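# Observations on chain architecture
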Amino acid sequence: MIDIEKAKLEFMNYVKNYDQENKMIVLKISHSLRVMEQSKNIAESLKLEKEQVDLAILIGLLHDIARFEQMKRYGTYEDKKSIDHGNLGAEMLSNLSFIRKFVSDDKYDNIIIVAVKNHNKYEIQDGLTDLELLHSKIIRDADKIDILYEATESFWYKESEKDFIDSSEFVSDEYFAQIKNHKQVVRKKGDVSRIDKIISYMGFVFDFNYKYTFKTVYEKDYINKIIDRLDYRSSKSRVKLEEIK
Ligand SMILES: [Fe+2]
């Protein structure tokens, strides 16, 4: 049995070990709680039985458990500059005394660990069991919905502060080719231009697994909102939607 309320209490206790004055920590706590809700919505949309819905919720809560340690140790959430937070999370949860704080039954351990490990990878590893695959897909979709939410609603700034972009910034050929092939973008190492960053968010849609995810992102209009974050001063740097269909 999974006791979600208990897991949530333990999570809130655990994050107290990290600097609550750090805005980045606070943002990640809220992200975890919202992803938990989205995981629940996806699992329910799939009409899963209660035990599996609860497991999806728990994985949503724990998927970014390594973020707090990552911020403390490295001062960044950029995996490429620090550590792969999916792998670190899986490693932390492989410690039995740690995972038992959140769930008393050990029968879900493998699924939780595998889903956390796979949540942030370009693609899901091969050779998973049906349940490991199901929960990896759910958490990947739930996480993406919230990343798009953050990119539009919560990190949004006023129209007057809108960033403008001129013809000196282009979509890189690499990113453009991947979108045209309906592929999620493989993110480059190092600094990425603002326009490529937007393109990589848009590419999430090619990795969605479930109808609920498409529907939510469509209804919330996240993709258009992300495009509208920038003020395109020159048509040269504008990505025409017809071109990526
Ligand atoms: Fe996440």
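Residue positions are counted from 1 within each chain, in the order its sequence is given. Two thresholds apply to this predicted model, a pLDDT of at least 70 for residue-level local features and 80 or more for giving and counting side-chain atom pairs, whereas whole-chain, interface and lining totals are computed over all residues. Note that water and hydrogens are dropped before the side-chain values are worked out from all heavy atoms of the structure.

This paragraph deals with the nonpolar core. The criterion is simple. A nonpolar core is a set of buried Ala, Val, Leu, Ile, Met, Phe, Trp, Tyr and Cys residues joined through side-chain atoms within 4.5 Å. With a 1.4 Å probe rolled over the protein chains alone, any residue whose accessible area is under 20% of its type maximum counts as buried; one over 50% counts as exposed, and the rest are partly exposed. One finds Leu58, Leu93, Phe102 and Ile112 to be the most contacted residues of the largest nonpolar core, which totals 67 residues. Under the DSSP-based scheme used, a helix requires at least four consecutive residues in state H or I and a strand at least two consecutive residues in state E, with every element numbered from the N terminus. It is helix α3 (residues 50-62) that contributes the most residues to this core, eight residues altogether. Reported domain spans reflect what an automatic or database domain assignment gives. Counting the residues that make up this core, at least three belong to each of domain 1 (1-155) and domain 2 (158-245). Here a residue-residue contact requires only that any non-hydrogen atoms of the pair lie within 4.5 Å. Residues contacting Ile112, with those up to four places away along its chain left out, are Leu55, Leu58, Ile59, Leu62, Leu93, Ile99 and Val103.

Another point: the layout of surface pockets. Think of a 1 Å grid over the protein atoms and nothing else: a 1.4 Å probe that fits but is trapped marks a cavity, an open set flanked by protein within 12 Å on at least five of seven lines marks a pocket, and residues with an atom within 4 Å of a point count as lining. Grid points are joined across faces, edges and corners, and a volume is the space filled by probe spheres set on the points. Taken as a whole, the largest pocket spans an internal volume of roughly 1700 Å³. Lining the largest pocket are 46 residues, and of these Arg67, Tyr77, Arg187, Lys197 and Tyr201 sit closest to its centre. Elements with a contribution of two residues or more to the lining of the largest pocket: α2 (23-45), α8 (130-154) and α10 (194-202). Each residue gets one label: Ala, Val, Leu, Ile, Met, Phe, Trp, Tyr, Cys and Pro are nonpolar, Asp, Glu, Lys and Arg are charged, and the others, such as Gly, are polar. Here the residues of the lining of the largest pocket are counted per class, giving 16 nonpolar, eight polar and 22 charged.

With that settled, the discussion passes to α10. With respect to burial, α10 is a largely interior element, seven of its nine residues being buried. Considered for burial, the residues of α10 that qualify are Ile195, Asp196, Ile198, Ile199, Ser200, Tyr201 and Met202.

Structurally, Phe170 can be placed in the loop between β1 (163-165) and α9 (173-180). Separated by 26 residues in sequence, Phe170 and Asp196 place their C-alpha atoms 7.9 Å apart.

Our next topic: α9. Within the sequence span of α9, burial applies to Tyr175, Gln178 and Ile179. Looking straight down α9, one finds its buried side chains confined to an arc of 100 degrees; they lie on one side. Taken from the residues just after α9, His182 is the one with a positive phi, measuring 55 degrees. Arc definition: directions from the helix axis to the C-beta atoms.

A few words on the coordination of the iron ion. Water is not part of the atom set, so a site may look incomplete; the donors themselves are N, O and S atoms within 2.8 Å of the metal, or 3.2 Å for Na, K and Ca. Surrounding the iron ion are the protein donor atoms His31 (NE2), His63 (NE2), Asp64 (OD) and Asp143 (OD), at 2.1 to 2.5 Å. Look at where the donors of the iron ion fall in the sequence and you get H-x31-H-D-x78-D. Of the two residues, His63 sits in the loop between α3 and α4 (66-74) while Asp143 sits in helix α8, which places them 80 residues apart along the sequence. For the pair formed by His63 and Asp143, the shared burial category is buried.

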